[in-house]
Amino acid sequence: MAGFGSNLLILLLLFQNICLGFRSPLSIFKRYKDISASLPNECLGSDQPVISFGLSDFALDIRMPAVTPKQSDTYLCMSVPLPVDDEAYVVDFKPHASMDTVHHMLLFGCNEPSSTENYWDCDEGTCKDKSNILYAWARNAPPTRLPKGVGFRVGGETGSRYFVLQVHYGDVSAFRDKHKDCSGVTLHLTHQKQPLIAGMYLMMSVNTVIPPGKKVVDADIACHYKRSPMHLFAYRVHTHRLGKVVSGYRVRNGQWTLIGRQSPQLPQAFYPVQYPVDISYDDILAARCVFSGEGRTTETHIGGTANDEMCNFYIMYYMEAKHAVSYMTCTQNTNPEMFRNIPQEANIPIPVKSDVMKMMHGHHEETKDSDTSSLLQQDKKEDILDQGDFYSLLSKLLGGRKEVVHVHKHNPTEKAESDLVAEIANVVQKKDLAREITNYDERDNTILVRDRTQKFHRLESTLRPPENRHFSLQQSKHGEGGWEKEHKGDFHIEEAVEWTGLDLKLGQVSGLALDPENNLVVFHRGDHVWDENSFDSKFVYQQRGLGPIEQNTIIVLNPSNAKLLHSTGKSLFYLPHGLSVDKNGNYWVTDVALHQVFKLGAKDKEPLLTLGVPLQPGSDKNHFCQPTDVAVDPITGSIYVADGYCNSRIIQFSPNGLYVMQWGEESSLDRSGPGQFRIPHSLALIPDLSQLCVADRENGRIQCFRLETGEFTGEIKHKAFGRELFAVSYGPGGLLFAVNGMPYPGETESVKGFVMNFSTGEIIDTFIPLRKSFEMPHDIVASEDRTVFVGDVHAKAVWKFASVEKMEHRSVKKAGIEVQETKESETVAEARLKNKPEARDPLKNKQHLVQQTSSTGVSFVLITTLLIIPVVILLVILVFIRWRKPTVYGADGERKLDSSSGRILGRLRGK
């Protein structure tokens, strides 16, 4: 009995230890609770800074720990660790602050705060690493509400692990009674995976000048949007006192759609977008701030003090989780002429009552502008920003930096603009520790500009998620060696400028193929487009009311002159995507809206075979979820489907459509192994080798598998691909053709086409259009004569590329060695040996190779001889010097060389 009791006690202790091993939010946050226990109750929204709402939700209270700022314009920071290790999502914010004491609050997310103290002066910085702005509050703004299913991603392997609260105390006269401040924000977090990720887009003018007394001055900002679709749900405007109205728009095909319009003199809140606005690739985001210079006697420029101005338009947006970017900026005006067509409402000021103005501007009265230079010399703490703003701490940093801020006023050059932008970017990340240093000379200022610009570019480069590391794999047995070699050879393709197919009026071109007669088959979307309104968060198509596409979606063109030969596919599809043609001339297509795969006869109006359930996404044997491509084995008739945008698998069906097998899984966040996909987007059959290659789009690579088993055989991945590879096609002669996606900001890999050796994976050639330019090349196909066609979903165009002679040759003699100078249209020439195999007959190639080896051997001997001669001479001289040393210098080595030979040998010895 005693033994049983002892065993029971041991089991209980083990159970207790196991339970303690599971870290709950409250247990992880014990240290923070202990620190906060000694603080006044008014500093915490409850006795517990972390409050659980059930299994998945919890609240986190972030408050200043009872601080009393000693002077106006003070910035204080404090940090709170995320109380969980795994990924969580911030879905709501509740501010606790009053404009009587707080000018504004910022909440950052990062992995390493600048200090480990309970709170610190923000002069030390906010975060040591990259920081993202999650929330901003100022001037009694109402809480910001995130739409359902939207959250800021934190924790896990990629999200922030700390929250850093920054509070700007403007006027400290409210603290005359020495009371403690406990301003902060309560976060509502959840472990439930959010399908949509929130982010912030800042539009900001950096070069506006407001002349004194001028009644109306416009500051315009416009940028082309070059990312995945985003949905806008809130906006915020900011200027100083001269701002009358700020408006933001989306411009698409010349049509202006209002995002938001507000007076910057009203409470600095995030206002909800009245009507849902989506932003697609190549849309233009435009904003205008209207100022008045009345009452000023000197020019007003962009800057950080109350007597400067700012023009900011903030946008809260959300994106699909797989494409999410947390922060973006726009500081340019790429199309000034466009603003001639801006809606008239953007020029009409919004009246604000005088009592509201007085409330908004608080205790500070505007200083009269009698002399700008004298204002710049003042060092008054009252010179703070009058509106809350993400970058309002510029009032402290930039206001005291005459040589940085005001160089923009007196010399508004490109250099000054980059300086100001870099300063602002620096403020987002860290306060400048050197701002108290005075008496900068011109060289110091130049160094400062350079450093700030570099910081700005480093910050911009962190906006995208980290790229997956290259996963080193064993190579396919068809080739040995690395796949990162420089391309070689004389194969080259260029755009066929005589091709008239570029002028065809098409919808979004999603698929290309060649039929048995080598005619070009094009699959396009007619008047339908795939945008952010097409699907809900569960991938269910939302625009069924539009009906199927009423145009013929499949057109057949003469590959020589683009003459229309045949068309079909009317009233069958909603959102076409992938296309292939089997050996019998049947069309195989996928529709991402219907979640189906179809087989169509060239002259049939109804499908011969249908796979999938219409309009029902799924992941079982009978359902697809946005299938991207289909391929048919010409030998066995087996059907292979890439499925797709929301599944990560390849499915094999029998020729009559029965399920056979599937392989593939979704890539993990930190690495992508064999058979793991992030959108298997395009298929290429290599029937001679019984392999199937897949364009793994978001992993920026090509993966190949055995048709019979789905066994992984190899991967092709090049830095030149960038992060996205859209399509792949196999051509005769063992060539692979591919197209990549647009580069991310800060990356140099441009969008282009690639020609690769399938056996080795090396890049043989790259190509781009001469007419127009690639925007989002979506599919590629190559014919037997190495003619290549590329379809672009955004440009709504089809390019033709043809093989041409790549190099011009001429022989020249240099230093007695005959070499061949190779010239490639406007590229740098390089020297090669003249002998070069041209014959394709194996025997001739062998003979030619012997000749080339012989010639190369002679050249090698000659070059070696020329190199050895000076080496031998040098050795003889050194031996001679060694022998002469005792004679010339004597026993003590101190005699000088007095002969001419001695002087020469001395110089040689020195060398």
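As shown above, the structure is provided for reference.
The shown structure was predicted, so the numbers you read here are calculated from the model rather than taken from an experiment.

How each quantity is defined
Residues numbered from 1 in each chain as written. Predicted model: local features only at pLDDT ≥ 70, side-chain atom pairs only at ≥ 80, totals over all residues. Heavy atoms only, no water. Disulfide = S-S within 2.5 Å. Helix = DSSP H or I, 4+ residues; strand = E, 2+ residues; numbered from the N terminus. Pairing = 2+ DSSP bridges. Axes fitted to C-alpha atoms, helices over the stretch in contact; angles between N-to-C directions. Core = buried A, V, L, I, M, F, W, Y, C linked by side-chain atoms within 4.5 Å. Buried < 20%, exposed > 50% of the residue type's maximum accessible area, 1.4 Å probe, protein only. Contact = heavy atoms within 4.5 Å. Salt bridge = Lys/Arg side-chain N within 4 Å of Asp/Glu carboxyl O. Phe/Tyr/Trp six-rings, centres within 6.5 Å; stacked < 30°, edge-to-face > 60°. Lys NZ or Arg CZ within 6 Å of the ring centre and 35° of its normal.

S.K.: Can you help me understand the state of the cysteines in this one?
M.R.: Each disulfide is one covalent bond, formed between the sulfur atoms of two cysteines. Per the counting criterion, the structure on display carries six disulfides. Across the disulfide from C77 sits C122; the S-S distance is 2.0 Å. The sign of the 115° torsion about the S-S bond sets the C77-C122 disulfide as right-handed. Highlighted residues: C77 in strand β3 (residues 74–81) and C122 in the loop between β6 (120–121) and β7 (132–138), separated in sequence by 45 residues.

S.K.: Any chance you could explain the sheet that holds strand β15 (residues 243–252) here in plain terms?
M.R.: Reading across from one edge, β13-β18-β15-β16 is the order of the four strands in this open sheet, with antiparallel pairing throughout. The open sheet has two free edges, formed respectively by β13 (217–224) and β16 (255–262), since each of these has just one partner strand. The sheet shows a mean angle of 20° between the axes of neighbouring strands, taken without regard to direction. Relative to strand β18 (residues 284–291), β15 is paired through eight bridges, and the arrangement is antiparallel. Bridged to G248 within β18 is A287.

S.K.: What am I meant to see in the nonpolar core here?
M.R.: Ranked by size, the top nonpolar core spans 57 residues in total, and within it I62, F93, L107, F163, L187 and L189 carry the most contacts. Excluding its chain neighbours within four sequence positions, the residues that come into contact with L187 are F58, A59, L60, I62, V90, D92, F93, L107 and F163. One finds V217, I221, L232 and I259 within the second-largest nonpolar core, a separate group that totals 30 residues.

S.K.: Sorry, what's going on with the pattern of salt bridges here?
M.R.: Note that side chains of opposite charge can pair when their charged atoms are close. Taken as a whole and judged by the stated rule, the model has 17 salt bridges. The salt bridge involving R252 is made with D278; its shortest N-O contact spans 2.8 Å. One end of the pair, R252, is in strand β15; the other, D278, is in strand β17 (residues 271–279), with 26 residues separating them in the sequence. Note on R252: relative accessible area 22%, which makes it partly exposed.

S.K.: How should the packing of aromatic side chains be read in this particular structure?
M.R.: Two aromatic rings are characterised by how far apart their centres lie and by the angle between their planes. One pass over the structure, following the stated rule, counts 25 aromatic pairs. With centroids separated by 6.2 Å and ring planes inclined at 80°, the aromatic side chains of F653 and Y659 adopt a geometry described as edge-to-face. Given the relative accessible area of 3%, F653 is considered buried. Measuring from centroid to centroid gives 5.9 Å for F705 and F712, while their planes differ by 70°, and the two rings are edge-to-face. The exposure class of F705 is buried, given its relative accessible area of 1%. Ring pairs connect the aromatic residues W530, F535, Y541, Y574 and Y645, which therefore count as one cluster. One cation-aromatic arrangement involves R236 over F270; the distance from NZ or CZ to the ring centre is 5.8 Å.

S.K.: Mind showing me how you'd approach the sheet that holds strand β32 (residues 639–643) here?
M.R.: Backbone-to-backbone hydrogen bonds join strands into a sheet, with any given pair of strands oriented parallel or antiparallel. Spatial strand order, β31-β32-β33-β34: four strands in an open sheet with antiparallel pairing. What marks the edges here is a single partner per strand, and that holds for β31 (627–632) and β34 (659–663). Across the sheet, the mean angle from the axis of one strand to that of its neighbour is 20°, orientation sign disregarded. Judged from the five bridges that link them, β31 and β32 form a sheet pairing that is antiparallel.

S.K.: Got a minute to help me understand the pairing of strand β26 (residues 564–568) in this structure?
M.R.: In terms of strand pairing, strand β25 (residues 554–557) meets β26 through four bridges, oriented antiparallel. When the bridges of β26 are listed, L557 appears paired with L564. The antiparallel pairing of β25 with β26 creates a hairpin that spans six residues between the two strands, and A562 there sits at a positive phi of about 65°.

S.K.: Sorry if this is basic, but what is going on with the environment of V154 here?
M.R.: The residue V154 is located in strand β8 (residues 150–154) in this model. Between the C-alpha atom of V154 and that of D85, which follows or precedes it by 69 residues, the distance is 9.7 Å. If sequence neighbours within four positions are ignored, V154 has contacts with L82, D86, E87, A88, Y89, V90, L134, G159, S160, F163 and L189.

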